[in-house]
Amino acid sequence: FEADPGTSMRVLCSKSNTWSAWETAKGHQNVHPIPPFAKHGPSAHGWLLAAVVVASVQQARRATDEWRARVRVGDAKDPPPVLTAARRSSKRLEATAVVQAEARKPEDRLTEEELQVLAAREAADLKRREEQYQRAVQEEQERIRAEQEREKKEREKADPIVQEELRKREEMEKKLREEAREKARIQALERAKEDELKKEELRQERERMRKKLVEEREAARKKAEAERRAQREQERKQRIQAEKNGELFFLDLRGDVEMKPQFGKSTLQISLKSVECPGATTGRASTEFANSDEAKQQGRALVKSVVLDAVEAHATAVRTRDLMLEQTVLQFIDDMEFDHWLLQARVLVEMEVARAYENACMKIAASERGNAPFTKFAIPFALLYERKIQAEGSPQRLRSHLEDALACIREGTSSGKERGRQNVVRGIELEAQELDAIVAGSHLASTSLGNNAKLRPFVWPILTLAAFLDRVPDGEQSTYEEARALVQTTIQDELSSNRWEVGRLQEEMRLAEDILGSQSHPCVVALGSILDELTDDSPERLLELAWPERQALRASVASARAEETPIPEQCWAMRNVAYTFARTNAEGQAKKLLQDAIELKKSWLGDPFHPGMLPEYQQLVEVLYMNQDWANEVEDACRTIVHIVGNEANRLESGGDTTRATILRRGCLQEYGMAMGKEDKDVNIMLELVMQAMQELDPDQRARVEEACQEPDVVKILGEEYAKDQEIASRKSKAKRSIQ
């Protein structure tokens, strides 16, 4: 107060409503005259102010106590009149101060800035007092309620009846809460039980639907199988009747390759029998092996022995029936035609059995790569060799062409020899058409043999030429020599008309030796001499001899490029040489040559994942399998093949050919998926696509996929299809360069 009398009096007047409003800003005491008590000095001011403050506090306390009493009994909820009056007085004093300030003389008035500062201070003080007031009211109300609650509890505690009632009420509330929790728990259990029952019903319904679908499929399969059996039985009866009528010759051989796992060494057994010829015995042979490589090595001899036994048994049964004067096919054809057809049937049956045997070896190899134990399985096979017996002298009968050729040779003229050669060539073409028709109706149709006429075995024309030599009568030595010369010329023409790999020709010559039964047979000798000449003069042989000198090989390849040799032909030559290196235990050289071929074709195609790259990559995988240190490279090469096949399958699927796309994906997984592992991402993606497609295909399409995937060379067929297109393109470009 002594430091700032003006401000202190302003506060005092606003609280007690006794004094007039004073100017609150320090230094403006000249607005109103000094109060009367100011003349007695600062000490008088203090005593008077203390008396006023004490009186005001006592009055406010009495008013507050009365208000609290009224609030306690519920008669009053508003604050004491003194407090509200003080608030109203404060506002009225503020308004008066404003009016008085405006009534001053212009020269005594405050400036606009000072008035704004003064108004801001007044507003802040007013807001603070208002907040303090509201806070005091709330605190007082809370205190009163707490005091009332405490007094109530004390009264209830003092009354035993009330306490007992409270205890009972608490127990009842507790019991109700427990009952509610138990009810909620029971309801939750019932809901869970209902959900479980619904799930079980849904599972049972799905199981019933699945069983129904399986039963329907099984019924449809059994029905289709019964229809096929009935159809086969009807066809069998028709064939038997046609054979008796001299219209047909047929040989139906069926069997399976069965895998029997054993401890130490397992067994592969081939069973083969003629189901059409009564009295024919069963051909059966088996071999033990420790791994897939050992099984492959023994496969050729095993297939040869079992097929030979079955065919000879069939021939013996037919001849026995003929000796017993039964009506057989021998009454309509001669022995040479019969033997020729049996040899052809033997070749085709060996191919079919070898196909099944190779599939069995692939399954065994897949189990070895996956470290899985060998399991028992059986791969069935069947081949129907069927030939219509043409009338005597018919141009569709081989016998007519061969006899006409001999007649022309006997003329002894050059024109006669040429006409004889043409007759033999027509006979070869006729037999090739007949064998193509037989292949198209068998499992061999899904192999490379059924998809490319250029892959026909060379032994087919060899058998026709052998039948031609067999028809030369004994004693006609000059005719026989002319026939041998014609055979030599025909073989040379056949080899020059098609591009044959050296390794494959060697295989064909071994097959001809097995079928004809002698290395000294004129056809085998002629083929061997021509093969030696081709081997000596071929670029593959020169590359093979020059391989130890790396620079010479590079120079030869550069020379071939300089001569503008088409890229597909260069790659074909490099694959051929790599095949020869691999057979002579030069795996490293074969690997390097194939990698060079891959880079060459990749730069030519401009796409590292073009299907035309498949022949090189497939041969590279075969070479890499020969060395265990190249396991990682095997996986990389297989992954590239999977990407190529996957892209081609996606293209076919987008074009609407889902069946062909599924065949490619599934065949690729069977051949190369195990090398990449079951956890491989690319393998799992392709497997999911195959499973999804198999669910969407109809039964006929699924059966087609299953049948096609029984073959081991699905990916090889795709590569050969694109290789054919590349060959055509390279020939066109070569012809264009020649014209230029």
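Structure first, text after, so check above.
What comes next concerns the included structure. Please read these numbers as outputs of a predicted model, since none were measured by experiment. All residue numbers refer to position in the chain's written sequence, counted from 1. With the structure being a predicted model, the display of local features is reserved for residues of pLDDT at least 70 and the display and counting of side-chain atom pairs for 80 or more, all residues being used for whole-chain, interface and lining totals. Excluding hydrogens and water, the side-chain figures rest on all heavy atoms present in the structure.

Quick look at the overall build of the protein now. Along its length, the protein carries 24 helices and four strands. When accessible area is computed with a 1.4 Å probe and restricted to protein chains, residues below 20% of their type maximum are described as buried, those above 50% as exposed, and intermediate ones as partly exposed. For the protein, with 740 residues in total, the buried portion stands at 39%. Taking the contacts inside the protein whose residues are at least 6 apart along the sequence as the reference set, 67% of them involve residues at least 24 apart. Only DSSP runs of H or I covering at least 4 residues are called helices, and only runs of E covering at least 2 are called strands; the numbering of each starts at the N terminus. The contact rule is simple, with two residues in contact once any of their heavy atoms fall within 4.5 Å.

For the rest of this paragraph, the subject is a negative patch on the surface. A grouping of Glu190, Glu194, Asp195 and Glu196 is seen on the molecular surface, where their side chains present a negatively charged patch. Along the chain, the position of Glu194 falls in helix H5 (residues 160-244). Judged by its relative accessible area of 45%, Glu194 is partly exposed. Distance thresholds for patches are 9 Å for like charges and 5 Å for nonpolar side chains (Val, Leu, Ile, Met, Phe, Trp, Tyr), applied to residues having over 30% relative accessible area and no salt bridge. Areas reported here follow the Shrake-Rupley algorithm with a probe of radius 1.4 Å; residue values treat only the protein chains shown as occluding. Any Lys or Arg side-chain nitrogen found within 4 Å of a carboxyl oxygen on Asp or Glu counts as a salt bridge. Here Asp and Glu are counted as negative and Lys and Arg as positive; His is not counted, and neither are the chain ends. Charge positions are represented by NZ for Lys, CZ for Arg, CG for Asp and CD for Glu.

Moving on, we come to the packing of helix H7 (residues 335-369) against helix H9 (residues 414-440). Direction vectors running N to C along H7 and H9 enclose 45 degrees, while the axes themselves pass 12 Å from each other. For the element pair H7 / H9, the angle class is oblique. The chirality of how H7 crosses H9 is right-handed. Contacts from His340, Trp341, Gln344 and Leu348 in H7 reach Glu431, Leu435, Ile438 and Val439 in H9. For the contact of H7 with H9, the class distribution of residues is five nonpolar, two polar and one charged. Axis lines are fitted through C-alpha atoms, for helices just across the contact stretch, and the angle between N-to-C directions can take any value from 0 to 180 degrees. When an angle is under 35 degrees it counts as roughly parallel; over 145 it counts as roughly antiparallel; between 65 and 115 it counts as roughly perpendicular; any other value is oblique. Crossings are assigned a handedness: left-handed for a near helix turned anticlockwise from the far helix by less than a right angle, right-handed for a clockwise turn. Under the scheme applied here, ten amino acids are nonpolar (Ala, Val, Leu, Ile, Met, Phe, Trp, Tyr, Cys and Pro), four are charged (Asp, Glu, Lys and Arg), and all others, including Gly, are polar.

Attention shifts here to the environment of Gln595. Along the chain, Gln595 turns up in helix H18 (residues 587-605). C-alpha of Gln595 to C-alpha of Met574: the two residues are 21 residues apart in sequence and 9.8 Å apart in space.

Below, the discussion takes up the pairing of strand E2 (residues 266-274). Burial runs high along E2: eight of the nine residues are buried. In this description, strands pair whenever DSSP reports at least two bridges between them. Direction of pairing for E2 relative to strand E3 (residues 283-289): antiparallel, over a ladder of seven bridges. Bridge assignment links Ser266 to a residue of E3, and that residue is Phe289.

On to helix H8 (residues 398-410), then. For H8, built from 13 residues, the straight-helix expectation of 18 Å at 1.5 Å per residue is met to within 8% by its first-to-last C-alpha distance of 19 Å. Leu398, Arg399, Ser400, His401, Leu402, Ala405, Leu406, Cys408 and Ile409 are the residues of H8 that are buried. Following H8 by one or two positions, Gly412 has its phi on the positive side, about 80 degrees. By this rule the span expected of a helix is its residue count minus one, scaled by 1.5 Å.

Attention shifts here to the sheet that holds strand E1 (residues 248-260). What the four strands build is an open sheet, ordered E3-E2-E1-E4; its pairing is antiparallel. Each end of this open sheet is capped by a strand with a single partner; those strands are E3 and strand E4 (377-388). Taken over all neighbouring pairs, the strand axes of this sheet differ in orientation by 15 degrees on average, direction set aside. Against the sheet, helix H6 (residues 292-323) engages E1, E2 and E3, with an angle of about 170 degrees to E3. Contacts between H7 and the sheet are confined to E1, E2, E3 and E4, with E4 contributing the most and set at about 160 degrees to the helix.

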